[in-house]
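Breakdown of the fold
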Amino acid sequence: LKSQLCDSKAKRAATRSKIYGMTLMKNPASLWITLNFADTDDPIVQILAGEEIDMDHFFATAGPDRTQRAINTASNPFAAAQYFHMSVIMVLEELYGISVNRYHRITRQTGIFGCVAGYIGMVEAQGRGSLHLHLLLWLEGAPTSTQMQEMLGTESFRKKMCSFIRSAITAHQLSKDQRRAFGIIDRHLQQNLGGQNPEQLLMLMMGSGGVGKSKVIEMVTSLFQLRNCSHKLAKTALTGIAATNIEGYMLHWWGALP
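In this report, the structure presented in the accompanying data block is examined. In this text the structure is predicted, and so the values were computed from the model without any measurement. (Residues numbered from 1 in each chain as written. Predicted model: local features only at pLDDT ≥ 70, side-chain atom pairs only at ≥ 80, totals over all residues. Heavy atoms only, no water.)

1. With respect to the overall build of the chain
Note the following rule: In this text, helices come from DSSP runs of H or I with a minimum length of four residues, and strands from runs of E with a minimum of two, each type numbered from the N-terminal end. Only protein chains enter the accessibility calculation, which uses a 1.4 Å probe. A residue is then buried if its area is under 20% of the maximum for its type, exposed if over 50%, and partly exposed in between. What makes two residues a contact is simply this: any of their non-hydrogen atoms within 4.5 Å. Working definition of accessibility: Shrake-Rupley area with a 1.4 Å probe, residue cover restricted to the visible protein chains.
A count of helices and strands for the chain gives 10 helices and seven strands. For the chain, the C-alpha atoms occupy an extent of roughly 65 × 60 × 45 Å along the three principal directions. When the 258 residues of the chain are sorted by exposure, 26% land in the buried category. For the chain, the share of sequence-separated contacts (at least 6 apart) that also reach a separation of at least 24 residues comes to 49%. When the accessible surface of the chain is split by element, carbon and sulfur atoms take 56% of a total near 18,300 Å².

2. A short note on the pattern of salt bridges
For clarity, the threshold we go by: For this document, the term salt bridge refers to a Lys or Arg side-chain nitrogen within 4 Å of an Asp or Glu carboxyl oxygen.
Applying the stated rule across the entire model yields three salt bridges. Across the salt bridge formed by Arg227 and Asp186, the nearest N and O atoms sit 3.0 Å from each other. Highlighted residues: Arg227 in the loop between α8 (213-226) and β6 (236-237) and Asp186 in helix α7 (residues 176-193), separated in sequence by 41 residues. Assessed through its relative accessible area of 32%, Arg227 is described here as partly exposed. Exposure remark for Asp186: the relative accessible area of 15% places this residue in the buried category. In this structure, Glu218 and Lys215 form a salt bridge, with 3.3 Å as the shortest nitrogen-oxygen distance.

3. Focus: the nonpolar core
Test applied: Nine residue types can take part in a nonpolar core, namely buried Ala, Val, Leu, Ile, Met, Phe, Trp, Tyr and Cys, and a core is a set of them joined through side-chain atoms within 4.5 Å.
With 16 residues, the main nonpolar core has Leu35, Phe37, Tyr96 and Leu135 as its most contacted residues. For this core, the element with the most residues is helix α4 (residues 77-95), which contributes five residues. Leaving out residues up to four positions away in the same chain, Phe37 has contacts with Tyr83, Phe84, Ser87, Val88 and Val91. The next biggest cluster of nonpolar side chains, apart from the first, holds eight residues, and it includes Val216, Val220, Leu223 and Phe224.

4. Notes on α8
The following threshold applies: Take the number of residues in a helix, subtract one, and multiply by 1.5 Å to get its expected span. Each C-beta atom gives one direction from the helix axis, and the arc is the one those directions make.
Relative to the 20 Å expected for 14 residues at 1.5 Å per residue, α8 spans 20 Å between its end C-alpha atoms, a close match to the ideal helical length. Buried residues of α8: Val216, Val220, Thr221, Leu223 and Phe224, and no others. One side of α8 holds all its buried residues, which, seen down the axis, span an arc of 160°. Those residues of α8 that are buried lie in contact with α7.

5. Here's the deal with the sheet that holds strand β5 (residues 131-139)
Definition in use: Strand pairing is defined by DSSP finding a minimum of two bridges between the two strands. Axis definition: a line fitted to C-alpha atoms, limited for helices to the stretch in contact. Angles are taken between N-to-C directions and run from 0 to 180 degrees.
Taken together, three strands build an open sheet; the order of strands is β1-β5-β4 and the sheet is antiparallel. Two strands close off the open sheet at either side, each with one partner strand: β1 (31-35) and β4 (116-125). Direction aside, the axes of adjacent strands within the sheet are offset by 20° on average. Relative to β5, β1 is paired through five bridges, and the arrangement is antiparallel. Considered in β5, the bridge of Ile33 is made with Leu135. The sheet contacts of helix α1 (residues 9-26) involve β4 and β5, and relative to β4 the element is tilted by about 160°. Relative to the sheet, α4 contacts β1, β4 and β5, its axis offset from that of β5 by approximately 15°.

6. Considerations on a nonpolar patch on the surface
Defined as follows: Every patch collects residues that have over 30% relative accessible area and no salt bridge, joining them within 9 Å if they carry like charges and within 5 Å if they are nonpolar side chains (Val, Leu, Ile, Met, Phe, Trp, Tyr).
Judged by side-chain polarity, Ile44, Ile47, Leu48, Met55, Phe58, Met86 and Met90 come together as a nonpolar surface patch covering roughly 540 Å² of accessible area. Here Ile44 shows up in helix α2 (residues 43-48).

7. Here's the deal with the packing of helix α5 (residues 145-152) against helix α6 (residues 155-168)
Going by this rule: With respect to orientation, any angle under 35 degrees is reported as roughly parallel, any angle over 145 as roughly antiparallel, any angle of 65 to 115 as roughly perpendicular, and every other angle as oblique.
In contact at an axis separation of 7 Å, α5 and α6 are set at 100° when each is read in the N-to-C sense. Relative to α6, the element α5 lies roughly perpendicular. Of α6, the residues touching α5 (which contributes Met148, Met151 and Leu152) are Phe157, Arg158 and Met161.

8. Some remarks on the packing of aromatic side chains
Operational definition: Only Phe, Tyr and Trp rings take part, Trp by its six-membered ring, and two of them pair if their centres are within 6.5 Å. Stacked means planes under 30 degrees apart, edge-to-face means over 60, and tilted covers everything else.
As enumerated under the stated definition, the model contains four aromatic pairs in all. With centroids separated by 6.3 Å and ring planes inclined at 80°, the aromatic side chains of Phe37 and Tyr83 adopt a geometry described as edge-to-face. Here Tyr83 lies in helix α4 and Phe37 lies in the loop between β1 and α2, a separation of 46 residues in the sequence. The exposure classification of Phe37 matches that of Tyr83, with both residues buried. Ring geometry for Phe37 against Phe84: centres 6.1 Å apart, planes inclined by 65°, an arrangement best described as edge-to-face. With Phe37 in the loop between β1 and α2 and Phe84 in helix α4, the pair connects residues that are 47 residues apart, well separated along the chain. Judged on exposure class, the residue Phe37 and its partner Phe84 are both buried. Through pairs of rings, three or more aromatic residues link up here, namely Phe37, Tyr83 and Phe84.

Written out as structure tokens, the structure reads:
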């Protein structure tokens, strides 16, 4: 029974066992994807929370203002969970070609990544309570690790990989708020390293999933490395997956909390 209880140690152990089994059967996963929807600003969440919004005649300023949207979402977690569940189903069906009926029977069609041979997902809640999904996908026909190593040894395949990377990956430009936050940290670090002993910096960066908080942490990490003071930086998170995403530690472990 414990293995069926969400967020239990037994559930996590059972999921890890499934991942190990899939890896033995299908080789390592082809893709690791995180689905994180901005529920606070989505009008569908507001409708599920009871707001009257005409989606057939929708316009940008329809519905409540930003503050009231946040209040509606926070006070109605069931509406947010409904939206999350519906969005995940649409992504699986429309983008990945995966459909699951009421009897848990899975049908597959060719999606944007080809045909999915298998998938395993784990839902996690952020600090503010919103849900997101970490998903592993195994693709049909994907090369094994050995095959990939052999192909990377050929000039023609390396050129194809370089061409794909250039077309698919672009540099990330910090937004105005991200630059402001990074600048504050940079100035404080320079003062600290210069022996000026500035007052302790207490700064809180807030925002829904996907707004770029982790990107700022990544840039700050690079900054400390550039200044040769990585030993002064500690990165912690409340959950294991979040800590892994920022290459940090779980807060209770780092702080030796009981």
